[in-house]
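These are the residues of each chain, in order.
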Amino acid sequence: TTTTTTTTTASSATTKKKSGGSNNTGGGDNATTTTTTTRKRKRKKNEADDNDDSDAKEKAKKRKRRQEALEPYFPRWWVEVYDHQQKRWLCYNFYTYHIDDNSVIEDHDYVYVFAYGGCIGGGEPRFSDVSIRYQDVSKISQFRNFRVEKDQEMEEWFKATIDAIQPTTAISADVAARIQSEREELKTKFKLQPIPQTLAAFKRHPLYVLERDLLKYEILHPKVEVGKFRTTPVYSRGAVKMLHTVDKWLQFGREIIPGAQPLGRAKARVHKSAAAQRAELERQDRGEGQLTVALYADFQTRPYTPPSLDENGKVPRTRFGNCYMFKKDMLPRDCVHLRVNGLRSLAISLGIDAVPAMVGWQVKGGRSFPQLDGVVVPAAHAQTLLDAHRQREQLRADAEAAKVRKRVRRRWQRLAMGLLTRERVNATYSRMEGTYGGDQRRRRCV
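Below, the structure is looked at part by part. (Residues numbered from 1 in each chain as written. Predicted model: local features only at pLDDT ≥ 70, side-chain atom pairs only at ≥ 80, totals over all residues. Heavy atoms only, no water.)

### Some remarks on the pattern of salt bridges
In a structure, side chains of opposite charge can pair up when their charged atoms sit close to one another.
Part 1 of the argument: One pass over the structure, following the stated rule, counts 15 salt bridges.
Part 2 of the argument: Of the charged contacts, one joins Glu255 and Arg302 as a salt bridge, the two residues approaching to 3.0 Å between their closest N and O atoms. Placement of the pair is Glu255 in strand β11 (residues 254–256) and Arg302 in strand β14 (residues 301–303), with a sequence separation of 47 residues.
Part 3 of the argument: Asp373 is the partner of Arg339 in a salt bridge, and the nearest nitrogen-oxygen pair spans 2.4 Å. Residue Arg339 is located in the loop between β16 (335–338) and α10 (343–350), and its partner Asp373 is located in strand β18 (residues 367–378); the two are separated by 34 residues in the primary sequence. (Salt bridge = Lys/Arg side-chain N within 4 Å of Asp/Glu carboxyl O. Helix = DSSP H or I, 4+ residues; strand = E, 2+ residues; numbered from the N terminus.)

### Topic: the sheet that holds strand β8 (residues 225–229)
Part 1 of the argument: Strand order in the open sheet made by the three strands is β6-β9-β8, with antiparallel pairing throughout. Each edge of the open sheet carries a strand with a single partner, namely β6 (208–209) and β8.
Part 2 of the argument: The sheet contact formed by β6 and strand β9 (residues 232–236) spans two bridges and is antiparallel. Of the residues in β9, the one forming a bridge with Tyr208 is Ser236. (Pairing = 2+ DSSP bridges.)

### Remarks on the sheet that holds strand β3 (residues 98–99)
Part 1 of the argument: Across the sheet, which stays open at both edges, the three strands sit in the order β1-β2-β3 with antiparallel pairing between neighbours. The open sheet has two free edges, formed respectively by β1 (79–83) and β3, since each of these has just one partner strand.

### Digging into the nonpolar core
Part 1 of the argument: Counting residues in hydrophobic clusters, the biggest one holds eleven residues: Leu338, Leu343, Leu346, Ala347, Ile352, Ala354, Val375, Val377, Ala382, Leu385 and Ala388.
Part 2 of the argument: Of all the elements in the fold, those that place two or more residues in this core are α10, β18 and α11 (379–429).
Part 3 of the argument: Among residues more than four places away in sequence, those in contact with Leu338 are Leu343, Gly374, Val375, Val377, Ala382, Leu385 and Leu386.
Part 4 of the argument: Residues Cys91, Val113, Ala115 and Tyr134 belong to the second largest nonpolar core, which totals nine residues. (Core = buried A, V, L, I, M, F, W, Y, C linked by side-chain atoms within 4.5 Å. Buried < 20%, exposed > 50% of the residue type's maximum accessible area, 1.4 Å probe, protein only. Contact = heavy atoms within 4.5 Å.)

Shape descriptors only; they carry no functional weight alone.
What follows is the structure, given as C-alpha cells:
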C-alpha cells in the first residue's frame, strides 16, 4: 500500500509541474486543455494498474499467511480408509483431524501423491497414483507440465516402473472391483476441469483444444463444439485425430479401408536425387501443381491383412523387392521370417525364393534408408535353408580352425628353430671363452 501511494503521488506532482511549465511558456488555452486531459487519462490508467498490482500483492500475502498458519499441520503423509457404503476412499488427515476434507492438502499443490498399503491390493502392498484426488480441479492441467505425461518416453518409463513394483499374486474379484471403482472416480474428477481462461492454458490441455492450436497433420472429427472461449469455439481434445499417409499407416501395421476418402492432403516430399528434382520441375512447368499425398485417420484403417504365396509359390514383395515386416502380424501366410544374416546369397545358390525383410527406416546423412533384417522364405523351404546355413557355418568354422592350427604350428616351428640356433651358436663359440672378448660374445648369444 505504501509503495502504491508513493508512486501515485509522484506522478501527480510531475503532472502539475509540467502543466505549470506549459502555462508559463504562453501556450494557447486549447493546447493546455488537451495536454491536461491527456495527462489525466494517463494518471488514471497508472492508478488503475497500481490498484491491480496492489490487489494481486494483497492476495499473495493472504495466501502466504494462510500457508504459514498451516505450516505446523503441513501434511506430508496421511491415511486413506475405504468406505464400503460409499464405495470410495476417504482421507483422514491426522494433522488437522479432518475426515474426507481434501482442501488443506489441495492448498499445497502437490504434483504427485501416491497410495501404498496392503489393503489396496487385498494382502500384499500395492502402489497407486492418486494425485488427481488431492489436486484442485482448476489446476490439474497446470500440474501436467511438471509431470511425466508431457514426455511420452518418460510416461512409458513411469508406467513400467509402477508395474515392476506391483505384486504378482492374483487379487480377488472384490479388490479388483474396488480398484476399478477408484480409477473411475479419478477419471470422473479429471473430466470436471473447467474451460481454461487464457490462450496459453489451451496448449497441450488434456480435455480442451482450440482449432488454432492444431498441428499440421491434426483435424477435428467429429467437429462438435463444447464451449466458448470469448468468441472462439472450444472443442474436446478427444475429437483430435492424427492423419497419416498410406505408407505411414503400414508402419503401424494397418491398412486403409477400401472406399475411404482422404480427410486431407499434404505436400509430398521430393527425393533429393537430381532425377527426382528434375521430374518435379517438369511437373510444375506443365502446370500440374505440386505433388500431394492423401492423409487418413485411424478410424479409416483396419489391421493389416497379410497376403499369401502367389500361384508360383513365390513370396509376395513390394515394387522395391522387399517384404514389409514392420509388425510381426504382417508376415505373409505360409512364410517364415528368418532373422539370420547371409541367408539371401545362400538361398539364391540353392534356388530358394528369399525376400529381404524390411523392418523400418534408418537415417544416414539426412536421408532415409530401409532397414533390413533377415529374409522371408516359404515355410516349406525354411528348414532346408537353415540346414544349409548351419553346414556352411560349420565349414567356415573348420577352415578358420585350420588357419589357426597352421598359424600356431608356424610359430612353434619358429620358436624351435630359434632354440636350435642358439644352442648351435653357444656350442660353436663356447671354445673361445678364454680368448679376448669371448665372454662378451657368449653373453651376447645367450
